[in-house]
Amino acid sequence: MDVEDKVTETIKKYRLIKKSDKVVVALSGGKDSTSVIYILKKLGYDVHGLMIDLYLGEWSEIHKKNMTKFCLEQDIPLTVVDLKKEIGQGICFVKAVLAKKKGMTGCTVCGIIKKWVLNRWARELGADVIVTGHNLDDEAQNVLMNYLKGNVALGAGMGPATGNGKGEGFVQRVKPLFFVPEGEVRKYAKMMKFDILYDRCPCAFGTYRVDTREWMVGALKDSEKLKVVVGFMDVAEKLKVDGRKVRKCVKCGEVSRGEVCKFCEIVSDI
Ligand code: AMP
Ligand code: ZN
């Protein structure tokens, strides 16, 4: 089955998106999110690109330029959010401060900040769903990393539709490439001749995820990655805490699990 068919099947099987939905696609400028927005547009969905300018030097500048050109050519509206306007700093500064003050390393900080900004802006844009470009390799890495950390419960509710609970102000996140191996997305993007960068994020080095990814490339075939993910989905469903609702963070008013959201928890430290 090719990439487009897999996306169609995943959307149908997991009821990810309705034809009437306003679909906001989180665009990093990489092969995954570019492919997914292209496919969704081709399938007739009402798509809108949402990109966060993280201020990662030239890397961010090139991605921004590429996505602006791509969306113009594809007749897709694009919103670029300036992180410095949102939180007063670029991502490198935030990461450096939190590494020093809290020992937070790897991609955790970036993940928390991206989620917060994306939810806020997607809601602002009237989105019914947020689409991300996460692929099968990303998901298999998550399962293995959680296991190796000794905390499989972190994967509770894992699936093509993410999130453990719904609540006011929470925009459902969905992953149409959930079952598509990274290699297949890369091949697809190259075949379509998307004018994009294929490099990895310059910040992601020496992290747990990078080590896991590198190990996985040599150790697992795509069919085995699929087994890791599908096998865990049954467990993930059982680990789900029923009726767990999100609420409003007392500090920023964004969606949160606790009284204060993770974003405010870390940003109050910078
Ligand atoms: P990553 O965290 O880089 O593996 O990216 C995973 C997914 O998050 C991508 O496929 C995008 O959908 C989304 N994403 C990553 N970076 C950005 C960004 N700067 N702006 C908007 N969405 C992003
Ligand atoms: Zn908050």
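Residues numbered from 1 in each chain as written. Chains lettered and ligands numbered in written order. Predicted model: local features only at pLDDT ≥ 70, side-chain atom pairs only at ≥ 80, totals over all residues. Heavy atoms only, no water.

**Student:** Now, about the environment of D222: what can you tell me, with residues and values included?
**Tutor:** Note on placement: D222 falls in helix 10 (residues 222-239). Its relative accessible area of 31% is what places D222 among the partly exposed residues. Considering only alpha carbons, one finds D222 and L136, 86 residues apart in sequence, at a separation of 8.4 Å. Excluding its chain neighbours within four sequence positions, the residues that come into contact with D222 are L136 and P181. (Helix = DSSP H or I, 4+ residues; strand = E, 2+ residues; numbered from the N terminus. Buried < 20%, exposed > 50% of the residue type's maximum accessible area, 1.4 Å probe, protein only. Contact = heavy atoms within 4.5 Å.)

**Student:** So what about helix 3 (residues 57-74)? Which residues, and what values?
**Tutor:** Because each turn of an α-helix spans 3.6 residues, side chains separated by three or four positions end up pointing in the same direction. The terminal C-alpha atoms of helix 3 lie 26 Å apart, and with 18 residues this matches the ideal 26 Å at 1.5 Å per residue to within 8%. For helix 3, the complete set of buried residues consists of W59, S60, H63, N66, M67, F70 and C71. Buried residues along helix 3 cover an arc of 135° about the axis, so they all sit on one side. Structural note: helix 3 exposes E58, K65, L72 and E73 on the side pointing more than 90 degrees away from its buried face. Downstream of helix 3 by one or two residues, D75 has phi in the positive range, about 60°. (Expected span 1.5 Å × (residues − 1). Arc of directions from axis to C-beta.)

**Student:** Report on the coordination of the zinc ion (ligand 2), specifying residues and quantitative values.
**Tutor:** The coordination sphere of the zinc ion (ligand 2) contains the protein donors C249 (SG), C252 (SG), C261 (SG) and C264 (SG), at a distance range of 2.3 Å. For the zinc ion (ligand 2), the four donor atoms in the first shell make angles of 104 to 114° at the metal, a pattern classed as tetrahedral. Site description for the zinc ion (ligand 2): donor spacing in sequence, C-x2-C-x8-C-x2-C. In this pair, C249 is assigned in the loop between strand 6 (247-248) and strand 7 (255-256) and C264 in helix 11 (residues 262-267), connecting sequence segments 15 residues apart. A relative accessible area of 9% places C264 in the buried class. (Donors = N, O, S within 2.8 Å, 3.2 Å for Na, K, Ca; no water. Tetrahedral: all angles 85-135°; square planar, octahedral: opposite > 155°, others 65-115°.)

**Student:** Give me the side chain of D53: which residues, what numbers.
**Tutor:** Counting through the fold element by element, D53 comes out in strand 2 (residues 46-53). A distance of 3.1 Å separates a polar atom in the side chain of D53 from the backbone nitrogen of Y55. (Polar contact = N/O pair within 3.5 Å; in protein donor to acceptor, adjacent residues only side chain to side chain.)

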